[in-house]
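Residue-level structure breakdown
The lines below spell out each chain.
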Amino acid sequence: MSYSTLAVVAVVGVLVVDLAVYRTRMVTRKVFWAAYAIIVVFQLLMNGVLTGLDVVTYDPGAIWGTRIAYAPVEDLLFGFAMVTLTLASWAAVNRRANTARRRGLDTDTRPSSTR
Amino acid sequence: MGHLTYLALLAGCLVVTAPLELVLRVRVYARWRRLLLAVLPEFVVFVVWVLYAIAQGHWDYSDELTLGLRLPGGIPVEEVLFFLVVPLCSVLALEAVRRVTGWDAGYPAEEAGR
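Note that the structure is a prediction, hence the values are computed from the model and not measured. (Residues numbered from 1 in each chain as written. Chains lettered and ligands numbered in written order. Predicted model: local features only at pLDDT ≥ 70, side-chain atom pairs only at ≥ 80, totals over all residues.)

1. Structural notes on the overall build of chain A
Check the secondary structure of chain A and you find three helices and three strands. When the elements of chain A are put in sequence order from the N terminus, they spell out α-α-β-β-β-α. A buried classification covers 40% of the 115 residues belonging to chain A. Taking the contacts inside chain A whose residues are at least 6 apart along the sequence as the reference set, 63% of them involve residues at least 24 apart. (Helix = DSSP H or I, 4+ residues; strand = E, 2+ residues; numbered from the N terminus. Buried ≥ 20, exposed ≤ 12 C-beta atoms within 10 Å, placed from the backbone. Contact = placed C-beta atoms within 7 Å.)

2. Considerations on the interface of chain B and chain A
Interface size is commonly expressed as the accessible area that is lost once the parts come together. Contact residues are listed per partner, giving 36 residues for chain B and 35 residues for chain A. Mapped onto the side of chain B that touches chain A, the elements with two or more residues apiece are α1 (5-22), α2 (32-56), β1 (59-61) and α3 (77-101) of chain B. Broken down by element, the residue count for the side of chain B that touches chain A peaks at 10 residues, all from α2 of chain B. Among the residues making up the side of chain B that touches chain A, the classes are represented as 23 nonpolar, eight polar and five charged. In the sheet, strand β1 (residues 56-58) of chain A pairs with β1 of chain B via three bridges, with the strands oriented antiparallel. (Nonpolar A, V, L, I, M, F, W, Y, C, P; charged D, E, K, R; others polar. Pairing = 2+ DSSP bridges.)

3. Thoughts on the nonpolar core
Of all hydrophobic cores here, the largest spans 49 residues; its most connected members are Leu87 of chain A together with Leu92 of chain B. Elements represented by at least two residues in this core include exactly α1 (3-21), α2 (30-52) and α3 (74-106) of chain A together with α2 and α3 of chain B. If one sorts the elements of this core by residue count, α3 of chain A sits on top with 13 residues. Every residue in contact with leucine 87 of chain A, bar those within four places of it in the chain, is listed here: Met26 and Phe32 of chain A together with Ser90, Val91 and Leu94 of chain B. Listed in part, the eight residues of the second largest apolar core include Val55 of chain A together with Tyr6, Tyr61 and Leu65 of chain B. (Core = buried A, V, L, I, M, F, W, Y, C linked by C-beta atoms within 7 Å.)

4. Concerning the confidence of the model for chain B
Per-residue confidence for chain B gives a mean pLDDT of 94; residues scoring 70 or more make up 96%. Scoring the predicted complex yields pTM 0.91 and, for the interface, ipTM 0.94. (pLDDT = per-residue confidence, 0-100.)

5. A look at α3 of chain B
Residues and elements named next belong to chain B. Helix length check: α3 (25 residues) gives 37 Å between terminal C-alpha atoms against 36 Å at 1.5 Å per residue, within 8%. Considering bend angle alone, the principal kink of α3 is centred on phenylalanine 83 and spans about 25 degrees; proline proline 87 follows within four residues of it. Trailing α3 by a residue or two, glycine 102 shows a phi angle of about 80 degrees, which is positive. (Expected span 1.5 Å × (residues − 1). Bend = angle between axes of the 7 residues up to and from the residue.)

6. Observations concerning the packing of α1 of chain B against α3 of chain B
All names here are of chain B. Contact pair α1 / α3: the axes reach a minimum separation of 10 Å and the direction vectors enclose 20 degrees. As the angle between them shows, α1 and α3 are arranged roughly parallel. Both α1 and α3 take part in a crossing whose hand is left-handed. Note on element contacts: α3 touches α1 through Glu78, Leu81, Phe82, Val85, Val86, Cys89, Leu92 and Ala96, opposite Tyr6, Leu7, Leu10, Cys13, Leu14, Thr17, Leu20 and Glu21. Its residues assigned to classes, the contact of α1 with α3 comprises 13 nonpolar, one polar and two charged. (Axes fitted to C-alpha atoms, helices over the stretch in contact; angles between N-to-C directions. Parallel < 35°, antiparallel > 145°, perpendicular 65-115°, else oblique. Left-handed = near helix turned anticlockwise from the far one by under 90°.)

7. Observations concerning the packing of α2 of chain A against α3 of chain B
It is at 9 Å that the axes of α2 of chain A and α3 of chain B come closest, and there the two elements cross at 125 degrees. Taken together, the axes of α2 of chain A and α3 of chain B lie oblique to each other. For α2 of chain A against α3 of chain B, the interelement crossing comes out right-handed. Listed contacts from α3 of chain B to Val31, Ala34, Ala35, Ile38 and Ile39 of chain A of α2 of chain A are Ser90, Ala93, Leu94, Val97, Arg98 and Thr101 of chain B. When the residues that make up the contact of α2 of chain A with α3 of chain B are grouped by side-chain class, the tally is eight nonpolar, two polar and one charged.

8. Re α2 of chain B
All names here are of chain B. With 25 residues, α2 should cover 36 Å at 1.5 Å per step; its first-to-last C-alpha distance of 35 Å lies within 8% of that length. At valine 39, α2 shows its largest bend, some 35 degrees, and a proline, proline 41, comes one to four positions later. Every buried residue of α2 is accounted for by Leu35, Ala38, Val39, Glu42, Phe46, Val50 and Ala53. Following α2 by one or two positions, glycine 57 has its phi on the positive side, about 75 degrees.

Structure representation (structure tokens):
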């Protein structure tokens, strides 16, 4: 599969993970998009340096060819998938940890042994 | 900057985001076990992706602008660190926005002092 195809598959994949697997629904939240807006600026900056200086070079046959700040547009999809998977996982981990702790703290008696 | 170019960029990310933990007290580093757990799926998926991309020749790295240390599969050490550093910075950004705006992220905010 080309980089382009993989990048699209990755975006679809993380949307499924966020909305249907974890059900963290990060992509429906204002806080996510505000954070992402900040992150994407820094991504364009860092990616621009990495690709502008040729730290990373691409096979023209594996990409669409459109570039933003020196980097192939596919990098934006790659970055979105990476950041969204991370933040949805972070939300899932915290949700579980806080719920478990609250359940433990809020009960005077020992937790039920039925589950 | 030569061989240190890529490494310096990663260090820059950590320096720029450090005030979020130190000044804004978002407690992301403080929750390092949860952080490692949250980064794990991303790390596995994207390192595998990069190994595939290198094998297929989708992209390659400069040996002059990296340390030149390649791990099995031809992945530079810096690229492995990238998949730890950038997620960490992203989580710091999310927690910072939440701290400043108070917007809901779908899980309870970290109680102070824990």
